[in-house]
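Chains, contacts and geometry: an overview
Below are the chains, spelled out letter by letter.
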Amino acid sequence: MAPPGRVGLHGDGVRRRWVIAVDDNRFHKVIACFRRFWCPACGSGCLVGHPGTVPRIRAGLATVAAAVHAVVAPPLGEGLQEIEVQARMLGEPVTVPESERARAGTPRWNTLRRWVRTLERWWPSLTLVGVGFRTRAAAFVAAIGPGLPLEAFLEAAVQAHLRGGAVM
């Protein structure tokens, strides 16, 4: 039972974590700050952060959108291989484990594939057709902003997320 009168959240410090962000078509590691609050009535806490950050992953929304855009074939995207996008994001050469090379024959980045499978979680009003990785990625880019330069595409992707769906 809540106490009578006004109950307000109390600030309880700041939490920081490294996030991969994109700017000028380059990926950078930056520190994202989240403000912690707690409720004196029930003892629950919450974190408040920038809307472009995604819970439980090291990449921001614009970074996810840029990575998906990079693997989609032209004219919608750049058409890079997944491992090349991973190397861009990490800023270092990527070594592919022997097990990955033996299983698929070509190197791939499983994190990007997982992001593409769950794009509707971050853009809830999107309905992407197709089950394949490349098909879903191309459908995402086409739904957000086909033919836009990368900077405009990323802005449209973040705005679509903030509005709860794709910009049409």
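Residues numbered from 1 in each chain as written. Predicted model: local features only at pLDDT ≥ 70, side-chain atom pairs only at ≥ 80, totals over all residues. Heavy atoms only, no water.

1. Examining the overall build of the protein chain
In plain terms, the rule: Runs of E in the DSSP output that reach at least two residues are strands. Runs of H or I that reach at least four are helices, and both are numbered from the N terminus. Using a 1.4 Å probe on the protein chains alone, a residue whose accessible area is under 20% of its type maximum counts as buried, one over 50% counts as exposed, and one in between counts as partly exposed. By the convention used here, residues are in contact when the closest approach between their heavy atoms is within 4.5 Å.
Within the protein chain, the secondary structure is distributed over seven helices and three strands. Taken from N to C terminus, the helices and strands of the protein chain fall in the order β-β-β-α-α-α-α-α-α-α. Across the 168 residues that make up the protein chain, the buried fraction comes to 35%. Taking all contacts inside the protein chain whose residues are at least 6 apart in sequence as the whole, residues at least 24 apart take part in 49%.

2. Description of the confidence of the model for the protein chain
Cut-off, in case you're wondering: Confidence scores here are pLDDT values: one per residue, from the predictor, ranging 0 to 100.
When the pLDDT values of the protein chain are averaged, the result is 82; 86% of them are 70 or greater. Mean pLDDT per element in the protein chain: helix α3 (residues 98–104) is the minimum at 56, and helix α6 (residues 133–144) is the maximum at 93.

3. Quick notes on unusual backbone geometry
Residues P74 and P75 are joined by a peptide bond in cis, for which omega reads 10°. Along the polypeptide, P75 turns up in the loop between α1 (61–71) and α2 (82–90).

4. Quick notes on the nonpolar core
Rule in force here: In this description, a nonpolar core means a group of buried Ala, Val, Leu, Ile, Met, Phe, Trp, Tyr and Cys residues linked to one another through side-chain atoms lying within 4.5 Å.
Membership of the largest hydrophobic core comes to 40 residues, with the highest contact counts inside it found for V68, W115, L119, W122, W123 and F140. Within the residue set of this core, elements represented by two or more residues are β1 (10–23), α1, α2, α4 (110–117), α5 (119–122), α6 and α7 (150–163). Of the residues forming this core, the biggest block, eight residues, is contributed by α1. If near-sequence neighbours (up to four positions away) are discounted, F140 is found in contact with A65, V68, L119, W123, L126, L128 and F153.

5. What to know about the sheet that holds β1
Put simply, the rule is: Here the rule is simple: two strands pair whenever DSSP picks up at least two bridges between them. Where helices are involved, their axes are fitted lines through C-alpha atoms of the stretch in contact, as for all axes, and angles between N-to-C directions lie from 0 to 180°.
Strand order across the open sheet formed by three strands is β1-β2-β3, with antiparallel pairing between neighbours. Two strands lie at the open edges of the sheet, namely β1 and β3 (45–48), each paired on one side alone. Across the sheet, the axes of successive neighbouring strands diverge by a mean angle of 25°, strand direction being ignored. Here α1 sits on the sheet in contact with β1 and β2 (26–38), set at roughly 20° to β1.

6. Examining the packing of α1 against α4
Put simply, the test is: Between 65 and 115 degrees an angle is taken as roughly perpendicular, under 35 as roughly parallel, over 145 as roughly antiparallel, and anywhere else as oblique. Classification used: nonpolar for Ala, Val, Leu, Ile, Met, Phe, Trp, Tyr, Cys and Pro, charged for Asp, Glu, Lys and Arg, polar for all others including Gly.
Running from amino to carboxyl end, α1 crosses α4 at an angle of 105°, the nearest separation of the two axes being 11 Å. Taken as axis vectors, α1 and α4 run roughly perpendicular relative to one another. Residues V64, A67, V68 and V71 of α1 form the contact with α4, whose own contacting residues are L112, W115 and V116. For the contact of α1 with α4, the class distribution of residues is seven nonpolar, no polar and no charged.

7. Structural notes on the environment of G77
In this structure, G77 sits in the loop between α1 and α2. Along the sequence, G77 and A142 sit 65 residues apart, while their C-alpha atoms lie 9.7 Å from each other. When near neighbours in sequence (up to four residues on either side) are disregarded, G77 contacts H69 and V72.

8. Quick word on the side chain of H69
Following the sequence through the fold, H69 ends up in helix α1. Discounting chain neighbours no more than four positions away, the residues touching H69 are L76, G77, E78, V141, L148, L150 and F153.

9. Here we look at the pairing of β3
Sheet topology note: the β2/β3 ladder contains four bridges and is antiparallel. Within the sheet, the bridge partner assigned to F37 lies in β3 and is C46. Linkage of β2 to β3, two consecutive antiparallel strands, is achieved through a turn of six residues, within which G43 is found at a positive phi near 85°.

10. Let's talk about the pairing of β2
Pairing of β1 with β2 involves twelve bridges; the strand directions are antiparallel. Bridged to W18 within β2 is I31.

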